[in-house]
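As a plain string of letters, each chain reads:
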Amino acid sequence: MGRHPHKEIRKAITEAEEAGLKVAESSGHTWGYVTCACGQRIAVYSTGRNPEFGAKLIRRFAANHRNHEEPR
Ligand SMILES: [Zn+2]
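A few points on the structure. Per chain, the residues get numbers from 1 upward, laid out in the order the sequence is written. With the structure being a predicted model, the display of local features is reserved for residues of pLDDT at least 70 and the display and counting of side-chain atom pairs for 80 or more, all residues being used for whole-chain, interface and lining totals.

Digging into the overall build of the protein chain
At step 1: Helix and strand definitions here come from DSSP, where helices need a minimum of 4 consecutive H or I residues and strands a minimum of 2 consecutive E residues; each element is numbered from the N-terminal end. The helix and strand tally for the protein chain stands at two helices and three strands.
At step 2: Ordered by position from N to C terminus, the α and β elements of the protein chain give α-β-β-β-α.
At step 3: If you line up the protein chain on its principal axes, its C-alpha atoms span 35 × 20 × 20 Å.
At step 4: Any residue whose C-beta has 12 or fewer other C-beta atoms within 10 Å is treated as exposed, any with 20 or more as buried, and any in between as partly exposed, C-beta atoms being built from the backbone. Of all 72 residues assigned to the protein chain, the portion counted as buried reaches 25%.
At step 5: Any two residues are considered in contact once their C-beta atoms, placed from the backbone, lie within 7 Å. The contacts of the protein chain with a sequence gap of at least 6 include a subset with a gap of at least 24, amounting to 48%.

If you want it as structure tokens, here you go:
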């Protein structure tokens, strides 16, 4: 699994993994996806105009999906 080129997003991805979420790389404009056991996922974009905002979205998703396995 490759490393995301942006440091803040890399940290957010690591935090998501520590929260029990799955991170998978994809190809194309999207770097990959963070997926929860409940089936929801968010796209992780390659470095764009606002990587800090992307990192914030990943952190929010991880916080919302930490420690739960049932669909919300
Ligand atoms: Zn979830």
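Considerations on the nonpolar core
At step 1: In this description, a nonpolar core means buried residues of the types Ala, Val, Leu, Ile, Met, Phe, Trp, Tyr and Cys, linked to one another by C-beta atoms lying within 7 Å. The biggest cluster of nonpolar side chains holds 13 residues, and the ones touching the most others in it are I9, A12, I13, A16, V34, V44 and I58.
At step 2: For this core, the secondary-structure elements that each account for two or more residues are α1 (7-18), β2 (30-35) and α2 (51-64).
At step 3: Look past the residues within four positions of V44 in its chain and what remains in contact with it is H4, I9, I13, T30, W31, G32, Y33, V34, G54 and I58.

Some details on the packing of α1 against α2
At step 1: Angles shown run from 0 to 180 degrees and are taken between the N-to-C directions of axes, each axis being a line fitted to C-alpha atoms and, for helices, limited to the stretch in contact. Interaxial distance between α1 and α2 falls to 8 Å at its minimum, and their mutual angle equals 5 degrees. As far as their axial angle goes, α2 and α1 are roughly parallel. On α2, the residues touching E8, I9, K11, A12, I13, E15 and A16 of α1 are P51, E52, G54, A55, I58, R59 and A62.
At step 2: Residue polarity follows a fixed list, in which Ala, Val, Leu, Ile, Met, Phe, Trp, Tyr, Cys and Pro are nonpolar, Asp, Glu, Lys and Arg are charged, and the others, Gly among them, are polar. Among the residues forming the contact of α1 with α2, the class breakdown is eight nonpolar, one polar and five charged. Under this scheme an angle from 65 to 115 degrees is roughly perpendicular, one under 35 degrees roughly parallel, and one over 145 degrees roughly antiparallel; angles in between are oblique.

Thoughts on the environment of K7
At step 1: For K7, the location among the structural elements is in helix α1.
At step 2: Look at K7 and you get exposed, because 11 C-beta atoms sit within 10 Å.

Structural notes on the pairing of strand β3 (residues 41-45)
At step 1: Strands were regarded as paired on the criterion that DSSP finds at least two bridges between them. Examined bridge by bridge, β2 and β3 share five bridges and lie antiparallel to one another. By the bridge assignment for β3, G32 is matched with V44.
At step 2: Connecting β2 to the next strand, β3, in antiparallel fashion are five residues, including G39 with a positive phi near 105 degrees.

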